[in-house]
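Remarks on the overall topology
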Amino acid sequence: MSQANVVTNKHHFAHHFASASHEFETCKLGMWFFLAQELLFFSGVFVMYAVFRYFYPEMFIEAHHHLSWKLGALNTVLLITSSFTMVMGVRAAQLRKSRECFWHLTATFMFALGFMVVKGIEYSAKIHHGLVPSIWFNAPGVNETLPIFFGCYFFMTGLHGIHVLVGMGLLFWLMIRAYRNEFSTGYFTPVEMVGLYWHLVDLIWIFLFPLLYLIG
């Protein structure tokens, strides 16, 4: 539902915008520019992965045996489900169903928390077995190039995890505002903008999962 055809309230937009619809369209354009630069940023990360994969194919084949595809798949399900609850939260905000919006945002937050818990379990196992990057690598009897892979693994998943944590902070902020009944048919810009960001976070993981866990 576009906000362009909705009668707005002057309290629903910042003073430097002409209307809530003007604020919405401006924010949406800005968010798409932000998402575009995020894609460019992660493109460099994927290029790094491709270069190492090209020069050390045997390393990647061996390394995937040290990762749990089941935990990776569980995290994939958690994030895909969180995208659905995020969409429902945006829809509820558009329809001025504040309580419904609050619970959908809460569900999205909990799925994100579940993702981070699973990732913490994975990280703990890798650290325990010495499968960490660079000079801290301490896993005897494996390919000597394996620290390179785990450097990529921790960098790529860690960078993505930071984005998840940022998203969780934004979701918590939205939960507070939804609980206060601050969103309506004429004003739901913050929910939709965070929703776009969250879908990008999910999309990036959908690429990371097969590249790191299903190679070989």
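Keep in mind it's a predicted model, so treat the numbers as computed, not measured. (Residues numbered from 1 in each chain as written. Predicted model: local features only at pLDDT ≥ 70, side-chain atom pairs only at ≥ 80, totals over all residues. Heavy atoms only, no water.)

Quick look at the overall build of the protein chain
Our working rule: Runs of H or I in DSSP of at least four residues are treated as helices and runs of E of at least two as strands, each being numbered from the N terminus. Burial status follows relative accessibility: with a 1.4 Å probe on protein chains alone, a residue under 20% of its type maximum counts as buried, one over 50% as exposed, and anything between as partly exposed. Two residues form a contact once any of their heavy atoms are found within 4.5 Å. All accessibility values rest on the Shrake-Rupley procedure with a 1.4 Å probe; residue burial counts only the protein chains present in the view.
The helix and strand inventory of the protein chain stands at 6 helices and 0 strands. When the helices and strands of the protein chain are read in sequence order from the N terminus, they spell out α-α-α-α-α-α. Across the 216 residues of the protein chain, 47% fall into the buried class. In the protein chain, once contacts between residues fewer than 6 apart in sequence are set aside, the share between residues at least 24 apart is 77%. Of the roughly 11100 Å² that the protein chain leaves accessible, carbon and sulfur atoms contribute 71%.

Topic: the pattern of salt bridges
Quick note on the threshold: By salt bridge we mean one thing: a side-chain nitrogen of Lys or Arg within 4 Å of a carboxyl oxygen of Asp or Glu.
Throughout the structure, instances matching the rule amount to 3 salt bridges. We note a salt bridge from Lys 119 to Glu 122, for which the minimum N-O separation is 3.0 Å. Taken together, the positions of Lys 119 and Glu 122, both in helix H4 (residues 98-128) and 3 residues apart, correspond to about one turn of that helix. Taken individually, Lys 119 and Glu 122 each receive the classification buried, so the pair is uniform in this respect.

Observations concerning the packing of aromatic side chains
To keep it simple, the criterion reads: Classification of ring pairs uses Phe, Tyr and Trp, with its six-membered ring standing for Trp, and accepts pairs whose centres are within 6.5 Å; under 30 degrees between planes counts as stacked, over 60 as edge-to-face, and the remaining range as tilted. We call a charge positioned over a ring when the NZ of a Lys or the CZ of an Arg lies within 6 Å of the ring centre and within 35 degrees of the ring normal.
Scanning all chains against the criterion turns up 19 aromatic pairs. Arranged with centres 5.2 Å apart and planes meeting at 85°, the rings of Tyr 153 and Phe 154 form a pair that is edge-to-face. Comparing Tyr 153 with Phe 154 shows no difference in burial state: the two are buried. Members of the aromatic cluster, each reached through a chain of ring pairs, are Tyr 49, Phe 60, Tyr 123, Phe 149, Phe 150, Tyr 153 and Phe 154. The lysine or arginine in question, Arg 99, covers the ring of Tyr 179, its NZ or CZ lying 4.7 Å from the ring centre.

In short, the description is geometric, and any link to function would need to be established separately.
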